[in-house]
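Listed here are the chains, written in short residue letters.
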Amino acid sequence: MRRLGQYRFRTQLYISFALVIGIVTVCMWTILYFFLGNSYEEREEKVLTDQAKQILINVENRMEYYESYMNLVAADKMLTVSMEANDYEEVRKCLDDITEEFITLNLGRISKINIYKSGFYDKSHKDFREKNLPNVRQQLRWMDFAYTGTVLNEKNEKVFSIYKEAYQGNPERQFYIEFQIYESELFGFYNEDGSGNDICLVHQDSLMSMSDRPLFLQMLRGREVKQEKQEKQEQIKISAKNDRGWQVIIHTSKEYLNRGMWSVLRNMLPVIGLVLIIAFGIVMFISNSLNRKLSILQKKVMTIGSSESDEIGEIEKADEFKVLGDEIDRTREHIRQLLQEIEEKNQSRLTAEMVALRAQINSHFLFNALSTLKWLAKGKEGFMGAGQMPETNILSEAIDKLAIFLRYAISIKENQVKLKDEVEQLNAYVYLQKLKCGNELNVVVDIDEELMECLTVKLILQPLVENAVMHGRKNDSVLDIAIYSLYDEEYYYLMVEDDGSGMTKERKLMIMEGDAEVSSGGNGIRNVINRIAICTNGQGSLSIESEPDRYTKIVIKQKRQ
């Protein structure tokens, strides 16, 4: 109940009502379960018992058909005379003649018909005596017919046998007639059962047929049957037997026996759902009048600090809710003014940070550029040759490039510009550096024209090139720098790659993390990283690839816009 108090009044009302309906529903279902459960279980058990009895009747009728014919065969005079002569081959031939038509009529039911002579020895008689004779004799002591369980014959067919004694006048001339029948004769009586229950047919202690065909085949092949899964439902055994030794066993579950009851309960769900809908409708109608004022107050509170100007509505009556609503309106307006002031201050702070970051680069480059112009104007050795005056157009071009650079770098109106303006400023810087370094510096700019109208963070290429010139040259050797681009549908990438001295993994990690110890060598890169983060709201990034004494490659990723 303490947790319930955390919700709104309307929600508490709905939850409380839902709990009441839920408790009533559970109690009703519990009563129905206990009162109807036993009734439905007994009814389903009776249905399964009747099914088992019907299977037994069908099996018994079919077996009486074969047994009746076996009685006719055993009483046939021609067969009796041949058995009196005690010539097994003649008996065998006579039996084949007598049963030929019967086998033809029952093709697909009868596998074969055999006759065995007591005391006679050959392979078939030996197999019969070792495997079946003891069981057959035991059954024939008190029944006219003997049955053996289902086995796999030499053709891998499922068959079982019915035996009958013939010509018992002389024990030395005793014969056993065998009808070998396909097991499908038994399986056919329940193979269309759709209940999902396991059905077994047993005669005495011999397994005759099963509805679980894979398991049945494993048992016939003599393989060890492993219980690979635990039954989720408690197994219930229902059986029926007759006085001739036949028994049907049905394994079912409590869930199956209760399916009728669950069907009734499921059919009640729409009714319960309809009752709940009507009940909740009544609750909503009653609660709306109590919650309208609370809803207005809630909306007023939720819009505090937002820029939404939609009409929320006003409380009409001059009561405590009206006073509270007016106070919330005044508080909301005051908070909006404060948020606007904070936003303006944050924007000013970001602008100041950008100006400071760009100033770090501008002052450094301006000093170097003025030094270059100074030496260029004097025509000192290393620029024009000793004692020579520079050509006027070279000095003029250098001043123009410096003007381009300063006009671009000093402007603080924007933090993002078109890429073509950034490239123009870079070219101005490269021109001035070439005046100083001459052939010791090679810079190639190869950026796709398609990207020139894209926006980029201002002043990011020149600091990276300057960083490569200052820290990448190896013992005054020639330094090659390439600036190129790649792009996809959403982003474009600017690469600044040089073949200079490179850097170690540790130094690269320290630069990326802004370690103060590398500020002298990685200030330009760290400065660019900070400005990209500020100007792109985290959508842009800078990464470094480098190997000592081989190369350094810096990749700038920005949104295409």
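Fair warning: this is a prediction, and the values are worked out from it, not measured in the lab.

### A look at the overall build of the chain
Across its full length, the chain carries 15 helices and 15 strands. A buried classification covers 37% of the 561 residues belonging to the chain.

### Focus: the confidence of the model for the chain
When pLDDT is averaged along the chain, the result is 79; 79% of the residues meet or exceed 70. Overall, residues 227–233 carries pLDDT values under 50, and its contacts beyond four positions in sequence, including any with other chains, amount to 2 contacts. With pLDDT under 50 throughout, residues 380–390 is counted as low confidence; its partners more than four residues away or in other chains account for 21 contacts.

### Considering the nonpolar core
Most often, soluble globular proteins have nonpolar side chains that are buried together. One finds Met63, Ile162, Ile177, Phe179 and Trp246 to be the most contacted residues of the largest nonpolar core, which totals 45 residues. With 11 residues, helix α1 (residues 9–74) is the largest single contributor of residues to this core. The next biggest cluster of nonpolar side chains, apart from the first, holds 39 residues, and it includes Cys437, Leu479, Ile483 and Ile544.

### Comments concerning the side chain of Gln425
Tracing the sequence through the fold places Gln425 in helix α12 (residues 419–437). Look at Gln425 and you get buried, because its relative accessible area is 1%. Residues in contact with Gln425, not counting those within four places in the same chain, are Phe405, Tyr408, Leu459 and Gln462.

### A short note on the packing of aromatic side chains
Under the definition given, this model contains 11 aromatic pairs. Considering the side-chain rings of Tyr147 and Trp246, the 5.2 Å spacing of their centres and the 75 degrees angle between planes classify their relative orientation as edge-to-face. Placement of Tyr147 in strand β2 (residues 146–152) and of Trp246 in strand β8 (residues 246–253) is noted, with a sequence separation of 99 residues between them. Assessed through its relative accessible area of 2%, Tyr147 is described here as buried. Ring centres of Phe187 and Tyr190 lie 5.6 Å apart, and the angle between their planes is 90 degrees; this geometry places the pair in the edge-to-face category. For Tyr190, a relative accessible area of 4% puts it in the buried group. A network of ring pairs unites the aromatic residues Tyr65, Tyr66, Tyr69, Phe102 and Phe179 as a single cluster. Lys164 extends its terminal NZ or CZ atom over the ring of Phe145, reaching a point 5.0 Å from the ring centre.

### Some details on a nonpolar patch on the surface
On the surface, a cluster of nonpolar side chains totalling about 390 Å² of accessible area is made up of Ile31, Phe34 and Phe35. Among the residues examined, Phe35 registers a relative accessible area of 66% and is labelled exposed.

### With respect to the side chain of Arg92
With respect to the helices, strands and loops of the structure, Arg92 is situated in helix α3 (residues 88–105). Overall, Arg92 belongs to the buried group, its relative accessible area being 17%.

### A word on the pairing of strand β7 (residues 235–241)
Covered by surrounding structure in β7 are Ile236, Ile238 and Ala240 only, the residues Gln235, Lys237, Ser239 and Lys241 on the alternate face being uncovered. Taken together, the 7 bridges between β7 and β8 define a ladder with antiparallel strand orientation. Looking at β8, one finds that Gln235 is bridged to Ser253. Linking β7 to β8, which pair antiparallel, is a turn of 4 residues; within it Gly245 sits at a positive phi near 95 degrees.

### Considerations on the sheet that holds strand β3 (residues 158–166)
Pairing is antiparallel across the open sheet formed by 4 strands, whose spatial order is β1-β4-β3-β2. Of all strands in the sheet, those with a lone pairing partner are β1 (110–117) and β2, marking the two edges. Looking at each pair of strands side by side, their axes are set apart by 20 degrees on average, direction ignored. Pairing of β1 with strand β4 (residues 175–182), which is carried by 7 bridges, proceeds in the antiparallel orientation. Along β4, the bridge assignment pairs Lys117 with Phe175. Sitting on the sheet, α3 touches β1 and β4, and the angle it makes with β1 is about 155 degrees.

### Some remarks on the pattern of salt bridges
Per the counting criterion, the structure on display carries 17 salt bridges. One salt bridge connects Arg62 with Glu185, and the closest N-O pair in it is separated by 2.7 Å. Residue Arg62 is found in helix α1, and its partner Glu185 is found in helix α6 (residues 184–187); the two are separated by 123 residues along the sequence. Where salt bridges share partners, they join Glu60, Glu64, Glu67 and Arg244 into one cluster.

### A short note on the pairing of strand β12 (residues 479–487)
Across 6 bridges, the pairing between strand β10 (residues 441–446) and β12 is parallel. Paired with Asp446 across the strands is Tyr484, a residue of β12. Summarising the sheet, β12 and strand β13 (residues 491–498) pair through 7 bridges and their orientation is antiparallel. If you follow Tyr487 over to β13, its bridge partner there is Tyr492. In textbook terms, the turn of a hairpin is the stretch between consecutive antiparallel strands, and for β12 and β13 this stretch comprises 3 residues.

Calculation notes
Here the residue numbers are simple positions, counted from 1 along each chain's written sequence. With pLDDT at 70 or above as the cut-off, local features in this predicted model cover only qualifying residues; side-chain atom pairs require 80 or more to be listed or tallied, and sums for whole chains, interfaces and linings still use all residues. Water and hydrogen atoms play no part in the side-chain values, which are based on all heavy atoms of the structure. Going along the chain from the N terminus, every DSSP run of H or I of four or more residues is numbered as a helix, and every run of E of two or more is numbered as a strand. Note on exposure labels: buried denotes an accessible area under 20% of the residue type's maximum, exposed denotes more than 50%, and partly exposed covers the range between, all computed with a 1.4 Å probe on protein chains only. By definition, pLDDT measures how confident the predictor is in each residue, and it falls between 0 and 100. Whether two residues are in contact is decided by their heavy atoms: any pair within 4.5 Å suffices. Here, nonpolar core refers to any group of buried Ala, Val, Leu, Ile, Met, Phe, Trp, Tyr and Cys residues whose side-chain atoms link them within 4.5 Å. Think of it this way: a Phe, Tyr or Trp ring, Trp meaning its six-membered ring, pairs with another when their centres are within 6.5 Å, and the plane angle makes it stacked under 30 degrees, edge-to-face over 60, tilted otherwise. Our definition puts a charge over a ring when NZ of Lys or CZ of Arg is within 6 Å of the ring centre and also within 35 degrees of the ring normal. Any residue with relative accessible area above 30% and no salt bridge may belong to a patch, with like charges joined within 9 Å and the nonpolar Val, Leu, Ile, Met, Phe, Trp and Tyr side chains within 5 Å. Accessible areas in this description were obtained via Shrake-Rupley with a 1.4 Å probe; residue shielding takes into account the shown protein chains only. Note on definitions: salt bridges are taken to be side-chain nitrogens of Lys or Arg within 4 Å of carboxyl oxygens of Asp or Glu. Pairing between two strands requires that DSSP report at least two bridges joining them. Every angle, taken between N-to-C directions, lies between 0 and 180 degrees, and every axis is a line fitted to C-alpha atoms, over only the stretch in contact when it is a helix.

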